[in-house]
Amino acid sequence: MSFIEVKNLCKEYRIVRSEKGIGGAVKSLFHREYIVKEAVKNVSFSLDKGEVVGYIGPNGAGKSTTIKILSGVLLPTKGEVKIGNIIPYENRKENAKRIGVVFGQRSQLYWDLPISDTFELYESLYGIPRERFRQNCDFFTELLGMKDFLNQPVRQLSLGQKMKANIAIALLHDPEVLYLDEPTIGLDVTSKKVLRDALKSINHERKTTIVLTTHDMDDIEAVCQRLIMIDQGQKLFDGSLEDFRLKYNDGFMLKLEFDGCFPVWQEEGDYELLEKTEHHWILKPKKDITSKEAMIELIGKYDPINLYVQEERIEDIVRRAYMLQNLPV
């Protein structure tokens with residue numbers, strides 16, 4: 001049996017239909033009309049222990065709603081959720097001890113306290129044995145590179161430093177599942193790499209199940225082994241990154257490098273010119289052709305000093321998948 005089981009999950013919200021003007025406001029005091037918004041519609045999936053899954057979709061797709069139900073914050077309208085045989089919204093305290101949650105735009109830190117003091121607060125909150133607490137503090141301080149700012153007040157920390165601390169706090173009590181909602185939002189390239197490497201190490205060393213929602217496809221490609229894509233509350237894809245590429249990939253691109261003497265671009269040819277700089281072209285075949293055939297043809301036609309075959313980035317493939325489903329890009 002899978003560690004996380006989600007079956008026919010539905011979540012509906014009743015939203016008051018408001019009318020314009022004073023008359024509409026007075027009317028709503030005595031008679032209210034509601035619109036039913038379906039945030040999640042019959043979503044089903046199962047995760048094995050230790051999996052790292054990317055849960056993606058455009059804004060308003062139902063990602064955060066699903067995570068809140070899994071973490072026990074929201075009650076579903078219909079369906080069933082089990083986390084290691086625990087129903088999270090019926091056994092919230094027991095479930096809270098087994099999960100860690102990080103929302104990218106919300107913090108578990110205290111503004112005027114240093115991170116070390118906040119750690120001790122969570123030690124008491126979760127009842128972590130003292131020796132285990134010390135081991136985990138040392139482990140995550142080293143893994144996330146927090147030693148230099150561990151005793152600084154939170155108000156003096158950068159966004160990347162705060163995010164590292166939030167992830168450490170979420171993992172202090174050795175949760176079996178870690179839910180991450182936009183953990184790298186607003187971070188610089190270096191901070192993103194540190195967090196991605198840390199998540200891979202945590203999963204590898206501690207077998208922590210990780211569910212990651214993000215709009216940054218580099219996060220997905222760097223960390224996740226599996227992808228679930230939803231929109232308007234419905235699941236559109238569930239499988240490996242490789243299967244996702246095979247389903248939505250639109251071929252390959254070729255990068256031609258020149259020594260400064262460019263040949264004349266033949267627009268009537270079988271290739272689309274995607275990018276042209278002082279040193280290179282990037283082309284995309286318009287016809288069904290193998291990379292070997294394309295390389296032979298382009299070397300003979302344009303004589304570049306170097307030629308590389310480039311696979312499409314996962315971000316471009318996701319964008320195409322959204323377009324095929326008529327989703328906002």
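Up top is the structure these notes are about.
About the thresholds
- Residues numbered from 1 in each chain as written.
- Predicted model: local features only at pLDDT ≥ 70, side-chain atom pairs only at ≥ 80, totals over all residues.
- Heavy atoms only, no water.
- Helix = DSSP H or I, 4+ residues; strand = E, 2+ residues; numbered from the N terminus.
- Buried < 20%, exposed > 50% of the residue type's maximum accessible area, 1.4 Å probe, protein only.
- Axes fitted to C-alpha atoms, helices over the stretch in contact; angles between N-to-C directions.
- Parallel < 35°, antiparallel > 145°, perpendicular 65-115°, else oblique.
- Left-handed = near helix turned anticlockwise from the far one by under 90°.
- Contact = heavy atoms within 4.5 Å.
- Nonpolar A, V, L, I, M, F, W, Y, C, P; charged D, E, K, R; others polar.
- Patch = residues over 30% accessible without salt bridge, like charges linked within 9 Å, V, L, I, M, F, W, Y side chains within 5 Å.
- Areas by Shrake-Rupley, 256 points an atom, 1.4 Å probe, with all protein chains shown as cover.
- Salt bridge = Lys/Arg side-chain N within 4 Å of Asp/Glu carboxyl O.
- Core = buried A, V, L, I, M, F, W, Y, C linked by side-chain atoms within 4.5 Å.

S.K.: Would you mind showing me how to read unusual backbone geometry here?
M.R.: Negative phi values dominate among residues other than glycine, just as trans dominates among peptide bonds. Positive phi, close to 60 degrees, is recorded for Asp174, a residue that is not glycine. Residue position: Asp174 is located in the loop between α6 (159–171) and β6 (177–181). Residue Asp174 is classed as partly exposed on the basis of its relative accessible area, which comes to 31%. One non-glycine residue, Lys207, lies in positive phi territory at about 60 degrees. Assignment of secondary structure puts Lys207 in the loop between α7 (189–206) and β7 (209–213).

S.K.: Even after reading the chapter, I still don't get the packing of helix α5 (residues 130–143) against α7, so can you show me in this structure?
M.R.: Two quantities define a packed helix pair, namely the angle between the helix axes and the distance between the axes. With their axes 11 Å apart at the nearest point, α5 and α7 run at an angle of 140 degrees to one another. By the angle class used here, α5 and α7 are oblique. Seen from above, α5 lies across α7 with right-handed handedness. Within the contact between the two elements, α5 uses Arg132, Asn136, Phe139, Phe140 and Leu143 and α7 uses Ala198, Ser201, Ile202, Glu205 and Arg206. Of the residues that constitute the contact of α5 with α7, the class distribution is five nonpolar, two polar and three charged.

S.K.: I tried to follow a nonpolar patch on the surface on my own but got confused; where do I start?
M.R.: Together, Tyr13, Ile15 and Ile35 make up a nonpolar patch on the protein surface, roughly 240 Å² of accessible area in all. Here Ile15 lies in strand β1 (residues 4–17).

S.K.: Please explain the nonpolar core as it appears in this structure.
M.R.: The tendency in soluble globular proteins is for nonpolar side chains to be buried side by side. Among the nonpolar cores identified, the biggest contains 49 residues, and Ile56, Phe119, Ile220, Met229 and Phe244 are the most heavily contacted of them. The leading source of residues in this core is α6, at seven residues. Apart from the residues within four sequence positions on either side, Phe119 is in contact with Phe133, Cys137, Met146, Leu150, Ala165, Ala168, Ile169 and Leu172. One finds Leu47, Ala61, Ile69 and Val211 within the second-largest nonpolar core, a separate group that totals 26 residues.

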